Amino acid sequence: MRHETRRLILLLLPAGIVFAAFFLLPMARLFFIGGSGKTGWAAYAAILTDSLYLDSLFSTLGVAAATTAATLVISGISGVFLQRHKFPGNALLVSMLTFPLAFPGVVIGFMVIMLAGRQGLIGQVTQALTGEKLVFAYTLSGLFMGYVYFSIPRTILTVMAAAEKLDPKLEEAARSLGASPWRVLLDVIIPGLKPAFISAGAICFATAVGAFGTAFTLAARINVLPMVIYTEFTLSANIAMAAALSFVLGIVTWLVLALARTAAGSSVAAAG
Amino acid sequence: MTDTAKPVSISLANCAKTFADGTRALEPLDLAIHAGETVVFLGPSGCGKTTTLRIIAGLEEPDAGGKVLFDGVDVTHLPIEQRNVGMVFQSYALFPNMTVAGNVGYGLRIRKVPEAEIKARVSEMLAMMQITRLADRRIDQLSGGQRQRVALARAIAVRPRALLLDEPLTALDAKLRDTLRLEIDSLLRSLGITAIYVTHDQAEAMALGDRIVVMEHGRVAQIGKPREIYQRPATRFVAEFIGTMNRLTGSVRNGTFTCRAGGVAWAQAPAAATEILFRPEDIRVVESGEATGLSGTVAAAFFLGDRTRLFVDVGEAQPLVIESTARRDFSHGDPVGLAIDPRGLLVL
Ligand SMILES: Nc1ncnc2c1ncn2[C@@H]1O[C@H](COP(=O)(O)OP(=O)(O)O)[C@@H](O)[C@H]1O
Ligand SMILES: [Mg+2]
């Protein structure tokens, strides 16, 4: 028994060290730096009272949530489709879809500008059609588009891997009991893909919360937390505020993901 | 409340199946299944049993020209969800995100049956399959036998017009297979439902089928009652696939089939016969002293308690298999006299 425990501790040691070195210590450090500025611990209160900070927190979470939802829907549909229907060019399409994985955020931002910027494709088309130029690259919508574009590849790959493991007999059983394709989707395919959706969604959300390069490229008017932290840090040299914001950003993201996980977990338990 | 919809008669006309990759799984096939009858598709792996079942279910469409009729109505292009057939798979295919009761009630919920009625029907089904106490279990908490009971209950709950079972017992261990086979048998009889049962196990086919369709390489080799298939196999393939078949080679002369081991008196022997076939139960070891003109030597003997299974060398490629109930010991090399009941003789 004692031997067992010792072995367990030994096996957990690497993870424990990494966790302490790269997570616990920096977070603790960040927490204290956040309270070490001119205003002291009030820096944390400011996040809730100062509308600049609070708004940016909400738009960050909002854009991340919207990105996650859109990415899951798009990747869910195309991932299942691509896994099920092997057509000529299927492999090429999949490899092209996974292309954006290799791009840094700056390039993604640049692509959004080319598409929805002042000289962008969407602008030209809408001008020709309606006389009104549609430009949204430099707003949260542009950011949302960039994030979705960036998140789709890994989500599609996760969904495809999970879709491959779905048991086709389950769908056939459901159909034999009278289920329409729509009911099969709701009752068999989506529940079957749920673990993949949760893990891919979590990564997608966290990435969208923290992504900086794209926002930086699309610039100025976008008020998301990573941008605010950057501004506080480099331009205002308000290191304490930057730390406080970073700490809160980390905690809130962690909280949202934990909540999503339990909600998904308990809904599985309730249904099962 | 009746337990099933009125049983349906099913017929296949000219149903062939070629898969997209060019695999010819089924040659053009005609088949008539009567309402309320249990038909077993029997044959070795890959002979097209599942494909035929899936065409009947509506999971596959036959090649152009093929037709599937339910009670004379063409359902060839009707998808499975509109055919009202119950399916039971080898792999159970239970929904892991639902409880046992949730699985059994699924088809009723799809049909928007009132909740109270669903509850009643589900408990009726669970009681019938003797799994009432499992109602709230998750699927991963069940054994294989329990899972297949749930799958049966789920398939029957909606009162399907026909029940289609694809090797439902193959994944279970031998003992459970026997128990569940009996249960399925009495279930099918009590429901009076049209049932199609796919298996590669001839004992299962014999026990369950009102009729057996023996298949080989995408073709029907023989259709008949279990007894007919066993006693009057139409082809060598059927003869050898079902049960054990003994064989002697030789030629016919004046009402006697002569082979290396001696002669077999057979008045109706076809003159051109060069090989005769017979079952182990149609040959016996005679008491010493009784002369039959046929003899061999014991190659191996297995005492099974109620009988001894003997392998007797008669100078052929394969030894004869004989079930002896004689109260005596046999050992390797013993010379034995043999007698064959001519009523059991076949020429194919
Ligand atoms: N979807 C498919 N695509 C191509 N070939 C198939 C497919 N399904 C079955 N086959 C082939 O068709 C033949 C008959 O298969 P099946 O009906 O499953 O046989 P059985 O159930 O008797 O073992 C086999 O050769 C099998 O490999
Ligand atoms: Mg099969």
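Keep in mind that this is a model prediction, so the values were computed, not measured.

Caption draft 1: Region of interest: the overall build of chain B. Helix and strand counts for chain B stand at eight helices and 19 strands. Based on the C-alpha atoms only, the size of chain B along its principal axes is roughly 80 × 50 × 35 Å. Per-residue burial for chain B yields a buried fraction of 51% across its 348 residues. A fraction of 65% describes how many contacts in chain B between residues 6 or more apart in sequence connect residues 24 or more apart. Of the roughly 15700 Å² of accessible surface on chain B, a fraction of 51% belongs to carbon and sulfur atoms.

Caption draft 2: Broad picture of the pattern of salt bridges. Evaluation of the coordinates by the stated rule reveals 25 salt bridges over all chains. For R161(B), the salt bridge goes to D71(B), with nearest N and O atoms at 3.9 Å. Of the two residues, R161(B) is situated in the loop between helix 4 (144–157) and strand 7 (162–166) and D71(B) in the loop between strand 4 (67–70) and strand 5 (73–74); the sequence distance between them amounts to 90 residues. Judged by relative accessible area, R161(B) falls into the partly exposed class, the value being 26%. Here R138(B) makes a salt bridge to D140(B), at a shortest N to O gap of 3.2 Å. Linked by salt bridges that have partners in common, E172(A), K17(B), R54(B) and E60(B) make up one network.

Caption draft 3: Region of the structure containing the domain arrangement of chain A. All names here are of chain A. Its domain assignment divides chain A into domain 1 (1–34) and domain 2 (42–264). Each of domain 1 and domain 2 has a C-alpha centre, and these two points are 31 Å apart. Each side of the interface is counted separately: domain 1 has five residues, and domain 2 has ten residues. Along the contact surface separating domain 1 from domain 2 lie zero salt bridges. Scanning the region where domain 1 abuts domain 2 turns up one residue pair in polar contact (both at pLDDT 80 or more).

Caption draft 4: Spotlight on the nonpolar core. One finds L193(A), I56(B) and L163(B) to be the most contacted residues of the largest nonpolar core, which totals 98 residues. Top element by residues in this core is helix 4 of chain B. It accounts for seven residues. Residues contacting L163(B), with those up to four places away along its chain left out, are G86(B), V88(B), A155(B), I156(B), L188(B), I193(B), T194(B), A195(B) and I196(B).

Caption draft 5: Molecular detail of helix 1 (residues 49–57) of chain B. Residue and element names in this part refer to chain B. Counting buried positions along helix 1 gives eight out of nine residues, so the element sits mostly inside the fold. Residues of helix 1 that are buried include every one of K49, T51, T52, L53, R54, I55, I56 and A57, and no others. Among the residues trailing helix 1, G58 stands out with phi positive, at a value near 100°.

Caption draft 6: Local environment of the interface of chain B and chain A. Listed as interface residues are 24 residues of chain B and, on the opposing side, 18 residues of chain A. Per-residue buried area on chain B facing chain A is highest for E81(B), N97(B) and Y106(B); these three make up 30% of the total on that side. Across the chain B-chain A interface, the total number found is two salt bridges. With a shortest N-O distance of 2.9 Å, R175(A) and E81(B) are connected by a salt bridge. Applying the counting criterion to the chain B and chain A interface returns five residue pairs in polar contact (both at pLDDT 80 or more). If you list the elements that add at least two residues to the side of chain B that touches chain A, you get strand 6 (85–88), helix 2 (100–110) and helix 4 of chain B.

Caption draft 7: Inspection of the packing of aromatic side chains at higher detail. The final tally for this structure, using the stated rule, is 15 aromatic pairs over all chains. Ring geometry for F302(B) against F311(B): centres 5.9 Å apart, planes inclined by 90°, an arrangement best described as edge-to-face. On the basis of relative accessibility, which here comes to 25%, the residue F311(B) falls in the partly exposed class. An aromatic cluster of three or more residues is present, and its members are F31(A), F32(A), W41(A), Y44(A) and F247(A). Of note, R83(B) hangs over the ring of F70(B), and the distance from its end group to the ring centre comes to 5.9 Å. Just above the ring of F95(B) sits the side chain of R154(B); from NZ or CZ to the centre is 4.6 Å.

Caption draft 8: Examining the pairing of strand 4 of chain B more closely. Residue and element names in this part refer to chain B. Burial of the side chains of strand 4 is restricted to one face: V68 and F70 are buried, whereas none of K67 and L69 on the reverse face is. With four bridges joining them, strand 1 (residues 10–18) and strand 4 adopt antiparallel strand pairing. Bridging across to strand 4, A13 finds its partner in K67. Here strand 4 runs beside strand 5; their pairing, made up of two bridges, is antiparallel. Opposite L69, over in strand 5, you have D74 as the bridge partner. Between strand 4 and the antiparallel strand that follows it, strand 5, lie two residues; D71 among them carries a positive phi value of about 50°.

Caption draft 9: Representation of the pairing of strand 14 (residues 275–278) of chain B in the model. All names here are of chain B. Burial of strand 14 is two-sided: the residues E275 and L277 facing one way and the residues I276 and F278 facing the other way are all buried. By the bridge criterion, four bridges tie strand 11 (residues 246–253) to strand 14 in an arrangement that is antiparallel. Paired with L248 across the two strands is I276, which belongs to strand 14.

Caption draft 10: Summary view of the environment of G65(B). All names here are of chain B. Along the chain, G65 falls in the loop between helix 1 and strand 4. What makes G65 exposed here is its relative accessible area of 57%. Sequence separation of G65 and P96 is 31 residues, and the distance between their C-alpha atoms is 39 Å. Residue contacts for G65: discarding those within four places in its chain leaves A13 and N14.

Caption draft 11: Layout of unusual backbone geometry. One non-glycine residue with positive phi stands out, namely A237(A), at about 55°. Mapped onto the elements, A237(A) comes out in the loop between helix 11 (225–235) and helix 12 (239–271). Here A237(A) falls in the exposed class, since its relative accessible area comes to 53%. A positive phi is found at H217(B), a non-glycine position, where the angle reads about 45°. Along the chain, the position of H217(B) falls in the loop between strand 9 (211–216) and strand 10 (219–224).

Cut-off values and rules
- Residues numbered from 1 in each chain as written.
- Chains lettered and ligands numbered in written order.
- Predicted model: local features only at pLDDT ≥ 70, side-chain atom pairs only at ≥ 80, totals over all residues.
- Heavy atoms only, no water.
- Helix = DSSP H or I, 4+ residues; strand = E, 2+ residues; numbered from the N terminus.
- Buried < 20%, exposed > 50% of the residue type's maximum accessible area, 1.4 Å probe, protein only.
- Contact = heavy atoms within 4.5 Å.
- Areas by Shrake-Rupley, 256 points an atom, 1.4 Å probe, with all protein chains shown as cover.
- Salt bridge = Lys/Arg side-chain N within 4 Å of Asp/Glu carboxyl O.
- Domains from an automatic or database assignment.
- Polar contact = N/O pair within 3.5 Å; in protein donor to acceptor, adjacent residues only side chain to side chain.
- Core = buried A, V, L, I, M, F, W, Y, C linked by side-chain atoms within 4.5 Å.
- Buried area = accessible area lost by both parts, 1.4 Å probe.
- Phe/Tyr/Trp six-rings, centres within 6.5 Å; stacked < 30°, edge-to-face > 60°.
- Lys NZ or Arg CZ within 6 Å of the ring centre and 35° of its normal.
- Pairing = 2+ DSSP bridges.

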